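The chain contents come next:
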Amino acid sequence: MRIGIIGAGQLGLMLGTAGKPLGLRCRFLDPAAEPPAAAAGTVMRHAFDDDEALRALARESDVITYEFENVSVAALAALSDSVPVYPPPGALEQAQDRLLEKRLFERLGIPLPKYRTVDSQADLEKAVESLGLPLIVKTRRFGYDGKGQLLLRTDDGIAATWRSLGPHPLIAEQYVAFDYEVSAIGVRSPEGLTASYPLTHNAHAGGILRRSRAPVIEPGLDALAGEYLTGLMEALDYVGVLALELFVVGERLLANEFAPRVHNSGHWTIEGAETSQFANHLLAVTGQPPGNTACRGHAGMLNLIGCIPAAARDLHHEDCWLHDYGKAPRAGRKLGHITVVRDSAAERDRMMDELAETVTQSTPADGHPP
Ligand code: AMP
């Protein structure tokens, strides 16, 4: 089968790579000169909003999917008249707007941080009055990796926060003093068969994911997250892989956001699970039931941000894999990751701390889980 993928970044590269053993041919649409996924399939170099290029991709594909979220929902909906588009454009529409996303969580009974919509400085003042400080103020649309959001700590910062993020429509939400962050990653087939990976523990710094570890061995949380995730996928009549990001507060989970796509926090599944999130996404969008999502051991992933240190290229260990996305170095840019899979959580954690120090030169405390 032929898969048309909008976007040819590292997620596209990993999808294309997973597609080969499944006998799937991936063709990408991306205007970048040397996108990572060029190593895994043909790239049509056109703008994402080029309607003719999108139609050409659809003509060459049996199914269309996407690897990033800033795709036009209207364009996807138009394509879906001629070819299946998965995940459904309606799911992307909800994920693109934090307000729609939060209202969906509320409708489904998924707990979330208290929030207010903010369309003026006066609204922000009211949000501070009713929710208290600190608040996280976020643009409703087009935020990623902590961009488009600010932490508002004091009343004095209200005007500056509004000046910096307004006049875009905003959301102000309570700052959650969470114990740690997790993602629940699941997959759903067109027939409604679902499977989910064990919870992944995520550590961010500066709004960017630094490290993930799985499985989180907390049966109560796993069951609760599974319930929220399945409810969300059912409500969206979802097809493909979906990642739900949650804050852990004691025994409770509060939803932060969901991504209607394969997710950075699921990269460990390439070596650490029986079926990777990339293979599972492709199985789902081609109408096949989900593959086994069980862990192969205790997995950890370290993102390589800004540069790929020479020490990462010198790694020679049978339980440790370097993924280099082939991107030009730039501050704050995700350039690659290292996955570790060990027999025990303690061994995995020890190796991740060692790699963080020797390879990424971050301290073990940098985004280290509690
Ligand atoms: P987001 O773009 O919403 O995924 O936010 C990026 C990161 O900022 C999250 O993974 C958290 O580490 C942090 N963050 C976002 N919202 C909140 C919140 N309401 N309370 C505390 N931390 C937050």
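Each value, and the rule that gives it
- Residues numbered from 1 in each chain as written.
- Predicted model: local features only at pLDDT ≥ 70, side-chain atom pairs only at ≥ 80, totals over all residues.
- Heavy atoms only, no water.
- Helix = DSSP H or I, 4+ residues; strand = E, 2+ residues; numbered from the N terminus.
- Rg over C-alpha atoms; globule rule 2.2 N^0.38 Å.
- Buried < 20%, exposed > 50% of the residue type's maximum accessible area, 1.4 Å probe, protein only.
- Contact = heavy atoms within 4.5 Å.
- Areas by Shrake-Rupley, 256 points an atom, 1.4 Å probe, with all protein chains shown as cover.
- Lys, Arg positive; Asp, Glu negative; His and termini not counted.
- Charge placed at Lys NZ, Arg CZ, Asp CG, Glu CD.
- Axes fitted to C-alpha atoms, helices over the stretch in contact; angles between N-to-C directions.
- Parallel < 35°, antiparallel > 145°, perpendicular 65-115°, else oblique.
- Nonpolar A, V, L, I, M, F, W, Y, C, P; charged D, E, K, R; others polar.
- Pairing = 2+ DSSP bridges.
- Polar contact = N/O pair within 3.5 Å; in protein donor to acceptor, adjacent residues only side chain to side chain.
- Salt bridge = Lys/Arg side-chain N within 4 Å of Asp/Glu carboxyl O.
- Phe/Tyr/Trp six-rings, centres within 6.5 Å; stacked < 30°, edge-to-face > 60°.
- Lys NZ or Arg CZ within 6 Å of the ring centre and 35° of its normal.

1. Examining the overall build of the protein
So, step 1. The helix and strand inventory of the protein stands at twelve helices and 17 strands.
So, step 2. A compact globule built from 370 residues would reach a C-alpha radius of gyration of about 21 Å, and the protein, at 20 Å, matches this within 12%.
So, step 3. If one aligns the C-alpha atoms of the protein with their principal axes, the spans along those axes are about 55 × 50 × 40 Å.
So, step 4. Burial analysis of the protein (370 residues in total) assigns 55% to the buried set.
So, step 5. Of the contacts formed within the protein by residues at least 6 apart in sequence, a portion of 61% connects residues at least 24 apart.
So, step 6. Summing over all exposed atoms, the protein offers an accessible surface of approximately 15400 Å²; the carbon and sulfur share of this is 50%.
So, step 7. For the protein, the distance from the average position of its 35 positive side-chain charges to the average position of its 47 negative side-chain charges is 3 Å.

2. Some remarks on the packing of helix α4 (residues 89-96) against helix α5 (residues 98-107)
So, step 1. Look at α4 against α5: their axes get within 5 Å of each other, and the N-to-C directions meet at 105 degrees. As the angle between them shows, α4 and α5 are arranged roughly perpendicular. Contacts between α4 and α5 involve Glu93, Gln94, Ala95 and Gln96 from the first element and Arg98, Leu100, Glu101, Leu104 and Arg107 from the second.
So, step 2. Taken together, the residues of the contact of α4 with α5 sort by class into three nonpolar, two polar and four charged.

3. Side note on the sheet that holds strand β4 (residues 63-66)
So, step 1. As summarised here, the arrangement of the four strands in space is β3-β2-β1-β4, forming an open sheet in which the pairing is parallel. Of all strands in the sheet, those with a lone pairing partner are β3 (42-44) and β4, marking the two edges. Averaged over all pairs of adjacent strands, the angle between their axes in this sheet comes to 30 degrees, without regard to strand direction.

4. Section: the side chain of Thr286
So, step 1. Inspection of the secondary structure assignment puts Thr286 in the loop between α10 (277-285) and β15 (298-305).
So, step 2. One polar contact links the side chain of Thr286 to the main-chain carbonyl oxygen of Leu282, over a distance of 2.7 Å.
So, step 3. Every residue in contact with Thr286, bar those within four places of it in the chain, is listed here: Met1, Ile3, Leu24 and Val63.

5. Looking at the side chain of Thr139
So, step 1. Mapped onto the elements, Thr139 comes out in strand β6 (residues 135-139).
So, step 2. Every residue in contact with Thr139, bar those within four places of it in the chain, is listed here: Arg98, Gly148, Leu165, His168, Pro169 and Leu170.

6. Some remarks on the sheet that holds strand β5 (residues 115-118)
So, step 1. If you trace the four strands from one edge of the open sheet to the other, you get β5-β8-β6-β7, paired in antiparallel fashion. Pairing within the sheet leaves two strands with one partner each, and these edge strands are β5 and β7 (149-152). Averaged over all pairs of adjacent strands, the angle between strand axes in this sheet comes to 20 degrees, irrespective of strand direction.
So, step 2. Those strands touched by α5 are β5, β6, β7 and β8 (170-174), and its axis lies near 150 degrees from that of β5.
So, step 3. Contacts from helix α7 (residues 158-165) reach β5, β6, β7 and β8, with the element oriented near 175 degrees to β7.

7. Side note on the pattern of salt bridges
So, step 1. Under the counting rule described, the total for this entry stands at 21 salt bridges.
So, step 2. Here the salt bridges do not stand alone but share partners, grouping Asp319, Arg342, Glu347, Arg350 and Glu354 into one network.

8. With respect to the packing of aromatic side chains
So, step 1. For the structure shown, the criterion picks out four aromatic pairs.
So, step 2. Between Phe48 and Phe68 the ring centres are 4.5 Å apart and the planes differ by 50 degrees, which places this aromatic pair in the tilted class. In this pair, Phe48 is assigned in the loop between β3 and α2 (51-59) and Phe68 in the loop between β4 and α3 (73-79), connecting sequence segments 20 residues apart.
So, step 3. Using a relative accessible area of 25% as the deciding quantity, one classes Phe48 as partly exposed.
So, step 4. Seen from their ring centres, Phe105 and Phe258 are 6.3 Å apart, and the 70 degrees between their planes marks the pair as edge-to-face. With a gap of 153 residues between them, Phe105 in helix α5 and Phe258 in strand β14 (residues 252-259) connect regions that are remote in the sequence.
So, step 5. Residue classification places Phe258 among the buried residues on the basis of a relative accessible area of 2%.
So, step 6. Cation over ring: Lys102 sits above Tyr115, and NZ or CZ is 5.5 Å from the ring centre.

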